[in-house]
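# Summary of the model geometry
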Amino acid sequence: MSLNNNQQLAVNHESGPILLLAGAGTGKTHTLCCRVARLIESGVPAEKILMLTFTRKAADEMKQRVESINDQHCAVLGGTFHSIAFNDLKYLGLMKNLGGIFDDSAQAKYLRKELKKKSFEKISDTSPREFMRFFSLCSNTLEDERIVLSQHFPSLVVHADLVLTLSKNYVKHKEKLKAFDYDDILKIWLSALKNKESLSLAQQCQYILVDEYQDTSKLQIEILKNLCRHHQNIMAVGDDCQSIYSFRGALPEQIAHFTTDFPGSKSLALEENYRSTKQILDFANSCMIDAKNIIPKELRPASDCEGNEPDFFYSSYYKKTEKEICRDIFDLRTKGTPFEQQAILYRSSMHCLYLELELTRQGIPYKKYGGKKITDKSHVKKFSALLSYVFSDEIHILALQQCLELMPGLGIKTLEKILTQLNEGLELKDINLPLKSQVSFEQLNSFRKMSISKNNLEDLIAFACPLIFKDSEDNSKKIKDLNALSEELRRIQNWDDFFSDIILNIELNNDDDMDAVVLSTIHSAKGKEWQSVHILAINENAIPIQNSNNLEEERRLLYVAVTRAKQHLKLYVENSKELKEVSRFVKHLIPQKNPTPAMAFNHQSLNHQSLNQYVNTPAEVQELVYVSENTPETALVQSDMDELTYIPFYD
Ligand SMILES: Nc1ncnc2c1ncn2[C@@H]1O[C@H](COP(=O)(O)OP(=O)(O)OP(=O)(O)O)[C@@H](O)[C@H]1O
């Protein structure tokens, strides 16, 4: 593919700093790869080139792109800031006595324990995650702790001394364990680079290329300055409109400081978008009309690439998002778009719970970025074992084993003994359990042979939660997974069908190389593109997320999601108890087809036949239960699936 003028200028750039600041899909990453390929062609040894990317996968993909341009193995160094830092520190011998990496869960566990101490009583209501965010922001912004506190956590300012003590304790605790968290790795690397301990990499890498520069933090920029101080050969590409990592200390304004951070730098812009149709670009431009703190740019298609207008789908009781998406996916595939060219994006994983189950049920293979598949989560696996034990006619030994493992007071040795006895033919009723586990096991047995009903499943969840979640953490998100699973079972009503539709499909569709639809958080979709993109929950409280204190970043997230689509873009508006309102970012862009109150009826005289005049698919409404005078645009109905639900009327 031939490069446009500015792309070519960037590729041919000889030395010194250069910034490519341009909108989505304009070929920034492509240009970066072409420059690497040209450098190698012109004789620069590949080992002297360092590509810094946001994820390891992105580095691998970029290497592949370079290989396809150069037609030879690409030995450039490539990876995330963290992975390159870790390897360099290992090489320097600075990781020799490492006691371990303090990852998110270890941090949360430590903080939970610490916050229980009497001395931290006044801040114990604040979630450990908030303190983790605080520590990370301090590291990444290189700001004084008190300043970070006042700028980002105003409600904690009154307890500043306590927060700072907590922070000191955390540092001491890590020192005692000789452990680092992820931010420490970058801080230690920066200090090694500054103190010239790490001369090797700074000298070895003669060309540094950074993708997604808009999401680099101050700490990372300091690292870059030190890495290229001998030659200033740095090329950065980025788009301030796609800055979505402020929680890690990256701000959209930062990209504009490149010229001062790297004096003598050259700037180039790219204007044409090679990815999407004109209709998708117009939509993306409109989403950003009121955006603040960014350099305005308009996306223009590089060619006459026309397509359909982005489509909106309003979910309601009888028009379920999950079913619509599955239908679309099959439809597009029949018309030639493989599964892997179709993506479903969402702001938060909880928006795709039911969709995952529907995809599984319909046998649509999917891969998930930015989070585990619902069915791979350990609490869901444990709960599936309980469901299997309770509702399956036959007892599967594996499910029984998993259930027994959940029983309190049952040690590994006793469990092993029981399992051996069961394998040798011992009857379940003759199992001898220690008293504590006996009680729970009897309770579990009392659920066996019960019918699959809402009440029974709710009781089972209440019974299962203390067994599955042994810590006192907030497990509400995980409990939502269990509810979703049991609702699916209630819908299917038959254990064997549930097993073959859901559990078995999980095993069959777990092949990494297969053609599979992509499910991804918007954050993890950064830098990627697909022929068809569905975006879930275009609602207030979803995007922007509830109580967001950075609405502009939420807007940019939507922009990132929209600009991943090449040909086909569909946005889904939910209509549930939690999500009612259309997102403020698209309200002005949607075709006016909102449900309006049906004026022509008298509430008292309304019955399910007269109601049927107002809904699209009357057959699904079995009985009208209630119409509120306050919200006459919705009615509570009993559906043909025995569910009580609200539906909208159209006038
Ligand atoms: N000169 C060109 N001619 C044709 N296609 C191009 C050209 N430059 C880039 N492309 C194609 O445009 C698409 C977008 O390119 P790329 O991913 O490099 O954009 P980007 O600016 O990094 O996007 P984003 O910031 O949205 O992730 C890719 O499919 C790429 O192959």
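Keep in mind it's a predicted model, so treat the numbers as computed, not measured. (Residues numbered from 1 in each chain as written. Predicted model: local features only at pLDDT ≥ 70, side-chain atom pairs only at ≥ 80, totals over all residues.)

### Some thoughts on the overall build of the protein
What counts here: The numbering of helices and of strands both runs from the N terminus, where a helix is a DSSP run of H or I of at least 4 residues and a strand a run of E of at least 2. To sort residues by burial, count the other C-beta atoms lying within 10 Å of each one's C-beta; a count of 20 or more means buried, 12 or fewer means exposed, and anything in between means partly exposed. C-beta atoms are built from the backbone. Residues are scored as being in contact if the C-beta atoms we place from backbone atoms lie within 7 Å.
Looking only at helices and strands, one finds 24 helices and 19 strands in the protein. Within the span of the protein, comprising 651 residues, buried residues form 37% of the whole. Counted over contacts in the protein with a minimum sequence separation of 6, partners at least 24 positions apart contribute 75%.

### Regarding the site of the ligand
Which entries qualify depends on this criterion: Should the C-beta atom of a residue, placed from the backbone, lie within 6 Å of a molecule or strand, that residue is near it. Asp, Glu, Lys and Arg are counted as charged, while Ala, Val, Leu, Ile, Met, Phe, Trp, Tyr, Cys and Pro are counted as nonpolar; the rest, among them Gly, fall into the polar class.
Among the 18 residues in the neighbourhood of the ligand, the closest are listed as Ala24, Gly27, Lys28, His30 and Tyr274. For the shell around the ligand, the element with the highest residue contribution is helix 2 (residues 28-41), accounting for three residues. Looking at the shell around the ligand, its residues break down into four nonpolar, ten polar and four charged.

### Description of the pairing of strand 12 (residues 342-346)
The condition that has to hold: Only strands that DSSP links by at least two bridges are regarded as paired with each other.
Burial analysis of strand 12 places five of its five residues in the buried class, the great majority of the element. Neither face of strand 12 is exposed, since Gln342, Ile344 and Tyr346 on one face and Ala343 and Leu345 on the opposite face are all buried. Note: strand 12 against strand 15 (residues 530-535), four bridges, orientation parallel. Bridging across to strand 15, Leu345 finds its partner in Ile535. The pairing of strand 12 with strand 14 (residues 517-521) spans four bridges and is parallel.

### A few points about the packing of helix 15 (residues 353-361) against helix 21 (residues 476-492)
Just so we agree on the cut-off: Angles here are taken between N-to-C directions and fall from 0 to 180 degrees, while the axes themselves are lines fitted to C-alpha atoms, restricted in helices to the stretch in contact. With respect to orientation, any angle under 35 degrees is reported as roughly parallel, any angle over 145 as roughly antiparallel, any angle of 65 to 115 as roughly perpendicular, and every other angle as oblique. Crossing chirality is assigned from the near helix's rotation relative to the far helix, an anticlockwise turn below a right angle marking it left-handed and a clockwise turn marking it right-handed.
Where helix 15 meets helix 21, the axes come as close as 9 Å, and the angle between the chain directions of the two elements is 40 degrees. The pairing of helix 15 with helix 21 is recorded here as oblique in orientation. Crossing geometry of helix 15 relative to helix 21 is assigned as right-handed. Along its contact with helix 15, which presents Leu353, Tyr354 and Leu357, the element helix 21 presents Lys480, Asp481, Ala484 and Glu488. Here the contact of helix 15 with helix 21 is built from residues that sort into four nonpolar, no polar and three charged.

### Side note on the pairing of strand 14
In terms of residue burial, strand 14 counts as a mostly covered element, since five of its five residues are buried. Judged from the four bridges that link them, strand 13 (residues 366-369) and strand 14 form a sheet pairing that is parallel. If you follow Tyr366 over to strand 14, its bridge partner there is Val517.

### Structural notes on the nonpolar core
To be explicit about the condition: In this usage, the nonpolar core is the set of buried Ala, Val, Leu, Ile, Met, Phe, Trp, Tyr and Cys residues whose C-beta atoms join them within 7 Å.
Counting residues in each nonpolar core, the largest one holds 58 residues, and the members touching the most others are Val36, Met51, Trp189, Ile208 and Ile223. In contact with Val36, other than residues within four places in its own chain, are Ile49, Met51, Val66, Val76 and Leu209.

### Some points on the UniProt feature "binding site: ATP" (unreviewed entry) in the protein
Basically, it comes down to this: UniProt positions are given in the numbering used here, feature names are shortened, and annotations may be inferred rather than shown by experiment.
Here the UniProt-annotated "binding site: ATP" (unreviewed entry) positions come out as Ala22, Gly23, Ala24, Gly25, Thr26, Gly27, Lys28 and Thr29. Structurally, the position occupied by Thr26 is in the loop between strand 1 (18-22) and helix 2. When neighbours within four sequence positions are excluded, Thr26 is seen to be in contact with Leu270, Glu271, Glu272 and Asn273. Relative to the assigned elements, Gly27 resides in the loop between strand 1 and helix 2. Each residue touching Gly27, except ones within four places of it in the same chain, is listed here: Gln7, Leu270 and Tyr274.

### Comments concerning the environment of Leu460
Within the secondary structure, Leu460 is located in helix 20 (residues 454-468). Those residues in contact with Leu460 that sit more than four places away from it in its chain are Leu386, Val390 and Phe447.

### With respect to the confidence of the model for the protein
Operational definition: Values of pLDDT, ranging from 0 to 100, describe the predictor's confidence in every residue of the model.
Mean pLDDT for the protein: 84, with 87% of residues reaching 70 or above. In the model, residues 593-604 has pLDDT below 50 throughout and makes 18 contacts with residues more than four positions away in sequence or in other chains. Here residues 616-630 scores under 50 on pLDDT; set against residues more than four positions off or in separate chains, the count is 36 contacts. We note a pTM of 0.78 for the whole complex and an ipTM of 0.99 for its interfaces.

### Remarks on the sheet that holds strand 14
Taken in spatial order, the six strands of this open sheet run 11-16-15-12-14-13, and their pairing is parallel. In this open sheet, the two edge strands, each paired with only one partner strand, are strand 11 (311-314) and strand 13. For this sheet, the mean angle separating the axes of adjacent strands, direction not counted, is 20 degrees.

### A closer look at helix 7 (residues 145-152)
Each turn of an α-helix holds 3.6 residues, which means side chains three or four residues apart point in the same direction. For clarity, the cut-off: In this description, the arc belongs to the directions extending from the helix axis to the C-beta atoms.
For helix 7, the set of buried residues is Val148, Leu149 and His152. The arc that holds every buried residue of helix 7, seen down its axis, measures 100 degrees, which confines them to one face. Opposite the packed face of helix 7, turned more than 90 degrees from it, sit the exposed residues Ile147 and Gln151. Buried residues in helix 7 make contact with helix 6 (128-141) and helix 8 (160-177).

### Observations regarding the packing of helix 7 against helix 8
Two elements in contact, helix 7 and helix 8, have axes separated by 11 Å at closest approach and are oriented at 125 degrees. Regarding the angle of helix 7 to helix 8, the classification is oblique. Considering only the axes of helix 7 and helix 8, their crossing is right-handed. Contact residues: Glu145, Arg146 and Leu149 in helix 7; Ala160, Val163, Leu164 and Ser167 in helix 8. Of the residues assigned to the contact of helix 7 with helix 8, the class counts are four nonpolar, one polar and two charged.

### A short note on the sheet that holds strand 1
Pairing is parallel in the open sheet, where six strands are placed in the order 3-2-6-7-1-8. Single-partner strands in this sheet number two, and they are strand 3 (77-79) and strand 8 (266-270). Direction aside, the axes of adjacent strands within the sheet are offset by 15 degrees on average. As paired strands, strand 1 and strand 8 are joined by five bridges and run parallel to one another. Bridge assignment links Ile18 to a residue of strand 8, and that residue is Lys266.

### Some remarks on helix 4 (residues 81-91)
The complete set of buried residues in helix 4 reads Phe81, Ile84, Ala85, Phe86, Asp88 and Leu89. Of the residues trailing helix 4, Gly93 is marked for its positive phi of about 80 degrees.

### Section: unusual backbone geometry
Of all residues except glycine, most have a negative phi; of all peptide bonds, most are trans. Cis geometry marks the peptide bond from Ile543 to Pro544; its omega dihedral reads 10 degrees. Relative to the helices and strands, Pro544 is located in the loop between strand 15 and helix 23 (551-562). Phi at Lys178 is positive, roughly 55 degrees, even though this residue is not glycine. Here Lys178 lies in the loop between helix 8 and strand 5 (179-181). The exposure class of Lys178 is exposed, given the 11 C-beta atoms found within 10 Å. Backbone geometry places Asn541, a non-glycine residue, at a positive phi of 75 degrees.

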